[in-house]
Structures are given as structure tokens and as C-alpha cells.
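One letter stands for each residue in the lines below.
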Amino acid sequence: MDLKKWRNEMVPVLNKICGEIAVGDAVVDWVDIVIEQTGGSGKCPPHAHTWYEFNYVLSGRMQTRFIDQDVMVYAGEFFLIPPGMTHAHDYSRDDPHEGICLRWRFRPYPGTAKTTAETTVEVAMESTPAGMIMAEATATNDSFLRRLIRMKEWPPGAYRDEYGIRSLLMQFFTEAESGRSPFYQRLLLVQLLEVLSGVTDARQTVSASEPLQAQDALLRKVEVYLEDFRGDRLNVEALAASLHMSYGHLSRLYKQKTGRTLIEEMNRIRLSKACELLKQPSLLIKEVAEQAGFPDIYYFSKAFKKKYGVSPLTYRKQQFSPSR
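Residues numbered from 1 in each chain as written. Predicted model: local features only at pLDDT ≥ 70, side-chain atom pairs only at ≥ 80, totals over all residues. Heavy atoms only, no water.

### Structural notes on the overall build of the protein chain
Then step 1. Counting its secondary structure elements, the protein chain contains 14 helices and ten strands.
Then step 2. A total of 324 residues make up the protein chain; the buried ones form 45% of that total.
Then step 3. Considering only residue pairs separated by 6 or more positions, the protein chain has 73% of its internal contacts joining residues 24 or more positions apart. (Helix = DSSP H or I, 4+ residues; strand = E, 2+ residues; numbered from the N terminus. Buried < 20%, exposed > 50% of the residue type's maximum accessible area, 1.4 Å probe, protein only. Contact = heavy atoms within 4.5 Å.)

Written out as C-alpha cells, the structure reads:
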């Protein structure tokens, strides 16, 4: 992989690949193919566009703001920006990123309704394995156009590449360098769209079939962070920073997915820990509050009584009552 060479020598080749290809009930128009290499810090101000934009970070890192969500994107991660979504980029001087940027738009194949449930391949495929794969992939009950349309609702954020996208991109550039036809190269890029549409399909399937705590890796990360502390005060701002997002955005996501606020969940864990600590008679109530992560004894006592109906001292006495 020689990004510098590709960037300097392949612009004319990539420009020829840009263009339309008909697949099933859709026509995909490849608008731009860009090899990104940022040599220092810089900013791309907030903006939106009328096409889809896919960014894959090969090395380094970049920070992207999706509407009101700041996300750090690292090597081996990607994101997708649907038309109309306001976004901005910050580039790091300390760890400049290298990556691939693809832009496209699409429209229904002429004479095909947007809501059709059948696909009709109206274009002759090249006699290549990739062509055969696409012909089979589009001959399904779920039309290719529908899958493209669903990407309009792509959730903002960075996605770890668990789908073989890097390999597909490297194949694309290697074969472009070897002189494969523009049609064949567009077909490889359409395979990328198939993969991306599968990412959104998988998210919808999980959401419909699994319980809330299992459906999102974000919830698991929050759970691990909140529970894995050893006497230090829990800090939700630090939690949000560790997940590369703002505290406000994390709070809204968590509330939406669980029905609880982060503060409520944090207090639940704190109080549960406090109950265990109160069973140690050598600890003062103040020490229990500190080790459970409460900012002060007054807040601790108020939260404890609200949850259990008795003060921490009364709870402790009940634990050692002879009647128990």
C-alpha cells in the first residue's frame, strides 16, 4: 500500500472510474474518490452536502463533529455521512490521518418505482466473479434501492471495521493501478455499498430481537465503566470522554436506550456498593460514602434514604439486629 504514490499518480484513473452504474432497481453515481493525507493540523468548518460521503481512516486519527456529537475516529474505523447531515472535521498535527473518502448519490432505475420489492438487472454484467456476485446479491426480495435509501438514516458515529472493508478498498486501488476497466471498478465499489447496507440491516435485526442490555456495545461499555471502580468517585464526564463523545450526547443516548439517566444508573451502583460497605462495622458512615463514590455524606444520606426508606445508620443497625 503506497498512498503517496496512489495520491500522486492515480487521480486521472480515479476520475475515469467516477460515473454511473446500474444495479438492480438503482443507478449509483460515483461522484468522487479521494485519497486523504493530512500533513498537519487544520479544520473543515461545519457544512452539509447533497451526496453520501464515506470516510475510512487507514492511519492516524481525526475528530469529526456530527451535528452536536464529537467523535474521535481512529485507524481501522469508518463513518458515513448521509445527505443533509451537518458535520465538521478537525485534523491532528500530532497524529495526522491517512484515509479514503468516497462520495456517491443514487436514483431509481428508469421505470422502476422506489418502493418495488423486486429487482431487475437491466445492465449486462462483465464476465467476472465480482459481477456474478453482484448479480446474485441484487436478485433478492429486498431491492437494492431500498437498502440504499435506508442508509439515509445511518446513525452518526465511528464504526470499527469488522466487515472486511479495508480489504475491499485495498483490492479496489490495487486493481485500479493494474488498469482494470472503470466498469469493473465501479462494481467493486457497489460491493462496498452492499457491505454498508448490511451493517445497517444487522443493527436493525439486533434491535428487534435482543434485549436492551445486549443490543448495543455502548451500553456494555457504560456498564463496565460504572461498575469497575475501586473507591474512586465515578465521573460521568470522564466516561463520556473515554467513549469519544460529549456528556450531553451520551446522556441522551443512554436515556433513549434504557429509560434511565446516567445519574440514576450511577447512583444505583453507588448505593448497591454502599449497602455492602455498611456491613463492615469498622467503617464510618463518612468513609462508606467516600468509598462508594458519593461527593459528600449529606448527598449520600439523602439518596440512600430515598432508595431504601431508612438512613444509612439505621440500615447498618438493621443488618446487625439479633432478629435478623
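### Remarks on the side chain of His49
Then step 1. Tracing the backbone shows His49 in the loop between strand S3 (42–47) and strand S4 (52–59).
Then step 2. Taking relative accessible area as the criterion, His49 reaches 10% and is therefore assigned buried.
Then step 3. At a separation of 3.4 Å, a polar atom in the side chain of His49 contacts the side chain of Glu53.
Then step 4. Reaching out from His49, the side chain makes a polar contact with the side chain of His87 at a distance of 3.4 Å.
Then step 5. Apart from the residues within four sequence positions on either side, His49 is in contact with Ile81, Pro83, Gly84 and His87. (Polar contact = N/O pair within 3.5 Å; in protein donor to acceptor, adjacent residues only side chain to side chain.)

### Structural notes on the environment of Gln69
Then step 1. Note that Gln69 resides in strand S6 (residues 69–74).
Then step 2. Under the relative-accessibility criterion, Gln69 is labelled buried at 4%.
Then step 3. When near neighbours in sequence (up to four residues on either side) are disregarded, Gln69 contacts Thr64, Pro156, Gly157, Met245 and His249.

### Side note on the pattern of salt bridges
Then step 1. Considering all chains together, one arrives at ten salt bridges under this definition.
Then step 2. Notably, a salt bridge pairs Arg107 with Glu20, separated by 2.9 Å at the nearest N-O pair. With Arg107 in strand S9 (residues 98–108) and Glu20 in strand S1 (residues 20–23), the pair connects residues that are 87 residues apart, well separated along the chain.
Then step 3. Among the ionic pairs, Asp29 bridges to Arg105, the shortest N-O distance being 2.9 Å. Of this pair, Asp29 sits in strand S2 (residues 26–37) while Arg105 sits in strand S9, placing them 76 residues apart in sequence.
Then step 4. Overall, the relative accessible area of 47% leaves Arg105 in the partly exposed class. (Salt bridge = Lys/Arg side-chain N within 4 Å of Asp/Glu carboxyl O.)

### Section: the sheet that holds S2
Then step 1. Taken in spatial order, the six strands of this open sheet run S1-S2-S9-S4-S7-S10, and their pairing is antiparallel. Looking at strand neighbours, the two that pair on one side only are S1 and strand S10 (159–160), the edges of this open sheet.
Then step 2. Pairing geometry for strand S7 (residues 77–81) and S10, over two bridges, is antiparallel. The residue of S10 that forms the bridge with Glu77 is Arg160.
Then step 3. Against the sheet, helix H5 (residues 165–178) touches S2, S4, S7 and S9, its axis set at about 95° to S4. (Pairing = 2+ DSSP bridges. Axes fitted to C-alpha atoms, helices over the stretch in contact; angles between N-to-C directions.)

### Thoughts on the packing of helix H11 (residues 262–277) against helix H12 (residues 285–292)
Then step 1. Viewed as axis vectors pointing N to C, H11 and H12 meet at an angle of 140°, and their least axial separation amounts to 9 Å. Considered as vectors, H11 and H12 are oriented oblique to each other. Between H11 and H12 lies a crossing of right-handed hand. Residues Arg270, Lys273, Ala274 and Leu277 of H11 pack against Val288, Gln291 and Ala292 of H12.
Then step 2. In terms of residue class, the contact of H11 with H12 is made up of four nonpolar, one polar and two charged. (Parallel < 35°, antiparallel > 145°, perpendicular 65-115°, else oblique. Left-handed = near helix turned anticlockwise from the far one by under 90°. Nonpolar A, V, L, I, M, F, W, Y, C, P; charged D, E, K, R; others polar.)

### Let's talk about helix H10 (residues 247–258)
Then step 1. Taking 1.5 Å per residue, twelve residues should reach 16 Å; H10 reaches 16 Å between its end C-alpha atoms and fits that length.
Then step 2. Of all the residues in H10, the buried ones are His249, Leu250, Ser251, Leu253, Tyr254, Lys257 and Thr258.
Then step 3. Gly259 occupies a position one or two residues after H10 and carries a positive phi of about 80°. (Expected span 1.5 Å × (residues − 1).)

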